[in-house]
Every structure is written in structure tokens, then in C-alpha cells.
Amino acid sequence: MKQTRHTSTTRGFSRAATLLQPRIRAASEDRGFAVTRLLTHWAEVVGEATAAIATPVTITYGKGGMGATLVVLTTGAQAPMLDMQKEQIRDKVNACYGYRAIARVRITQTAPTGFADGRVAFAPAPKTARIPDPAVQSAAKALSDDVENDELRAALAALGANVLSKQKP
């Protein structure tokens, strides 16, 4: 019984694009092409009006590593308005990076986690100030009573209240 031998067209060699792709991607990330940067500075990059109706979801790379596609999430009512702004969004994102990182902008109306209540939160939730329990505040104040400087005593009492309120009994 004779086994058929698989012959490769590359004869043991790898394509240059395959070898260089991780290095090209690392170099492009060094030049600021990182999804996290676009996510954290989205409102600054595209403007407050666009950031209020859309958020970036993913950046997908082409086979060569350059000419990426930016996927932007919006709601159904805002999609036509955002579609007319695709070129401006692409230009603003590319201006942020300093080179033509994004070749295409694609708009999607499908949230990665789904629309639970029929709307998408494009702005971060407002931070709520947590007030420590009065018993914790009085315990922290008692710990800082020995300090003579009023400002330092108040700062230590506030710090103590935060520390004591985060401890699990």
C-alpha cells in the first residue's frame, strides 16, 4: 500500500506577509492604533454630537494589516444621519492617528450584548457619591481626634471613613 505524500507549493518556506503580519500589527499599535485609545477618547476624536449618537464597536484589519474597517454602533433612528457622516468620522479618526489607519467606516445597529430596554447607553453612567454610614464616619473621626491641624484631621477622617466603609466585617 503506497501512501500519497502531500506536496506543498511553498516547499518549506513561509510567505513574507505571514511572517511580517505580527510585526506590522505591533508597529501599527505603537503608532497609536489601539482600540482602547479610540474607545477612551471617542468624544474628543469625533465630537460630542457624534459621540452622543454612536460608539465604536470593533476595528477589523484587512489581510495586509492596513486599511482597517471601523464598526460604529448606533440606533435605528440615528443610522441615516450617521451614514451621511461616515467620511467625516473616517477623516477625524485618521487625523487622530496621523495616518490613514481607517479605510472604511461601517455602521451597525446591532449591539454586541443586545438591546435589553430598547435603547443604547452611549454616555457613561453618572457617578454617584457614596456617603459612608454615620457609624463609620464617627469611628473614623474618633481615630483622627488626636491630630492638631484642622485640615489634616478632616482629610484623615475622610480617608478613614472611606477605608472603613470598604472593609468587609
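Our structure is the block above this text.
If you're wondering where the values come from, they're calculated on a predicted model, not measured in any experiment. (Residues numbered from 1 in each chain as written. Predicted model: local features only at pLDDT ≥ 70, side-chain atom pairs only at ≥ 80, totals over all residues. Heavy atoms only, no water.)

Engineer: Help me out: how do you make sense of the overall build of the chain in this one?
Structural biologist: Looking only at helices and strands, the chain has eight helices and three strands in total. Helices and strands in the chain line up, N terminus first, as α-α-α-α-β-β-α-α-β-α-α. The proportion of buried residues among the 169 residues of the chain is 27%. Considering only contacts in the chain between residues 6 or more positions apart, those separated by 24 or more positions represent 60%. (Helix = DSSP H or I, 4+ residues; strand = E, 2+ residues; numbered from the N terminus. Buried < 20%, exposed > 50% of the residue type's maximum accessible area, 1.4 Å probe, protein only. Contact = heavy atoms within 4.5 Å.)

Engineer: What should I look at first to understand the pattern of salt bridges in this one?
Structural biologist: One side chain can pair with another of opposite charge once the charged atoms of both are near each other. Evaluated as defined, the whole model comprises four salt bridges. For the salt bridge of R90 with D91, the shortest nitrogen-to-oxygen distance reads 3.8 Å. On the basis of relative accessible area, D91 is assigned to the partly exposed category, the value being 44%. As a salt-bridge pair, R153 and D150 come within 3.0 Å of each other at their nearest N and O atoms. A residue pair is termed a helical-turn pair when its members lie 3 or 4 positions apart in one helix, as R153 and D150 do in helix α8 (residues 150-166) at three residues. Residue class for R153 comes out partly exposed when judged on its relative accessible area of 25%. According to the relative accessible area criterion, D150 is exposed, its value standing at 53%. (Salt bridge = Lys/Arg side-chain N within 4 Å of Asp/Glu carboxyl O.)

Engineer: Just checking my understanding: could you explain the environment of A142 for this structure?
Structural biologist: Position of A142 among the secondary structure elements: in helix α7 (residues 134-143). For A142 and A157, which are 15 residues apart along the polypeptide, the C-alpha to C-alpha distance reads 8.1 Å.

Engineer: Looking at this structure, I do not really get the environment of A54. What am I missing?
Structural biologist: Position of A54 among the secondary structure elements: in strand β1 (residues 54-60). Judged by its relative accessible area of 0%, A54 is buried. A54 sits 24 residues away from Q78 along the chain, and the two C-alpha atoms are 8.3 Å apart.

Engineer: Got a minute to help me understand helix α6 (residues 86-97) in this structure?
Structural biologist: The α-helix winds at 3.6 residues per turn, so residues separated by three or four positions along the chain end up facing the same way. With twelve residues, α6 extends 17 Å from end C-alpha to end C-alpha; this agrees with the ideal 16 Å at 1.5 Å per step. Along α6, the residues classified as buried are I89, R90, V93, N94 and Y97. Each buried residue of α6 lies within a common arc of 125° when the element is viewed along its axis, so the set occupies one face. Of the residues trailing α6, G98 is marked for its positive phi of about 90°. (Expected span 1.5 Å × (residues − 1). Arc of directions from axis to C-beta.)

Engineer: Could you clarify how one ought to interpret the sheet that holds strand β2 (residues 68-74) in this entry?
Structural biologist: In a beta sheet, neighbouring strands pair by backbone hydrogen bonds and run either parallel or antiparallel. Reading across the sheet, the three strands line up as β1-β2-β3 and stay open at both edges, with mixed pairing between neighbours. Both edges of this open sheet fall to β1 and β3 (102-108), since each of them pairs with a single strand only. Neighbour-to-neighbour, the strand axes of the sheet open up by a mean angle of 25°, direction not taken into account. Here six bridges tie β2 to β3, and the two strands are oriented parallel to one another. Within β3, the position partnered with A68 by the bridge is I102. Docked against the sheet, α6 engages β2 and β3, running at close to 130° with respect to β3. (Pairing = 2+ DSSP bridges. Axes fitted to C-alpha atoms, helices over the stretch in contact; angles between N-to-C directions.)

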